[in-house]
Amino acid sequence: MTAADCLFCGIAAKTVPARVVHEDDALIAFEDIRPQAPVHVIVIPRRHLARVSDLAPAEASLVGQLVVVANQVARRLEIAESGYRLVINCNAHGGQTVYHLHLHLLGGRPMQWPPG
Ligand code: 5GP
Ligand code: ZN
């Protein structure tokens, strides 16, 4: 999978439609097409990076930016006080299905633990 045929690169480029809830120069956030909770938002960097384990130490702040935006969206969607879960799935056993780094923001209901 390269950036050219990546689904989330398509969403970032607006060639694939999505319900966008945040965008800035570096990141875009949109509603998950198959929500697992009343609030399920995906936050991605515009730049293609296949998986979190590819993150170089020099670009560690990228994950911080994903979290900051997820926190902002959580406040705006009024789930900040009740609580929410942030998830990054990595590779097959992590449950990753789209190979463009993304952070899941899940909320609006109590979450279970262990996550399964
Ligand atoms: P992963 O399993 O890789 O951690 O998460 C990928 C997420 O992308 C899944 O929750 C899935 O529902 C979502 N997804 C897959 N295809 C699309 C799509 O075309 N549009 C949107 N908005 N979400 C998608
Ligand atoms: Zn991509």
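See the structure printed just above.
Keep in mind that what you see is a predicted model, and the values were worked out from it rather than measured. (Residues numbered from 1 in each chain as written. Chains lettered and ligands numbered in written order. Predicted model: local features only at pLDDT ≥ 70, side-chain atom pairs only at ≥ 80, totals over all residues. Heavy atoms only, no water.)

Engineer: If you had to explain the site of ligand 1 to someone new, which residues and values would you point to?
Structural biologist: Of all residues adjacent to ligand 1, which total 16 residues, the nearest are Asp32, Asn89, Thr97, His102 and His104. Glu31 is positioned such that a nitrogen or oxygen atom in its backbone is 2.9 Å from a nitrogen atom of ligand 1. In this structure, His104 approaches ligand 1 through a side-chain N or O atom, which is 2.8 Å from an oxygen atom. Bound to the protein, ligand 1 loses 84% of the 530 Å² it would expose on its own. Applying the majority rule of atoms within 2 Å of the grid points places ligand 1 in the largest pocket. For the shell around ligand 1, the secondary structure elements donating two or more residues are α1 (7-12) and β2 (27-31). Each residue belonging to the shell around ligand 1 can be placed in one class, and the counts come to six nonpolar, seven polar and three charged. (Near = heavy atom within 4 Å. Polar contact = N/O pair within 3.5 Å; in protein donor to acceptor, adjacent residues only side chain to side chain. Areas by Shrake-Rupley, 256 points an atom, 1.4 Å probe, with all protein chains shown as cover. 1 Å grid on protein atoms, 1.4 Å probe; cavity = no way out; pocket = protein on both sides within 12 Å on 5 of 7 lines; lining within 4 Å. Sits in = over half its atoms within 2 Å of the grid points. Helix = DSSP H or I, 4+ residues; strand = E, 2+ residues; numbered from the N terminus. Nonpolar A, V, L, I, M, F, W, Y, C, P; charged D, E, K, R; others polar.)

Engineer: With reference to specific residues and values, describe the coordination of the zinc ion (ligand 2).
Structural biologist: Donor atoms from the polypeptide that bind the zinc ion (ligand 2) are Cys6 (SG), Cys9 (SG), His48 (ND1) and His100 (ND1), placed at 2.0 to 2.3 Å. Look at where the donors of the zinc ion (ligand 2) fall in the sequence and you get C-x2-C-x38-H-x51-H. With Cys6 in the segment before α1 and His48 in the loop between β3 (39-45) and α2 (61-76), this residue pair connects regions lying 42 residues apart in the sequence. Residue classification places Cys6 among the buried residues on the basis of a relative accessible area of 6%. (Donors = N, O, S within 2.8 Å, 3.2 Å for Na, K, Ca; no water. Buried < 20%, exposed > 50% of the residue type's maximum accessible area, 1.4 Å probe, protein only.)

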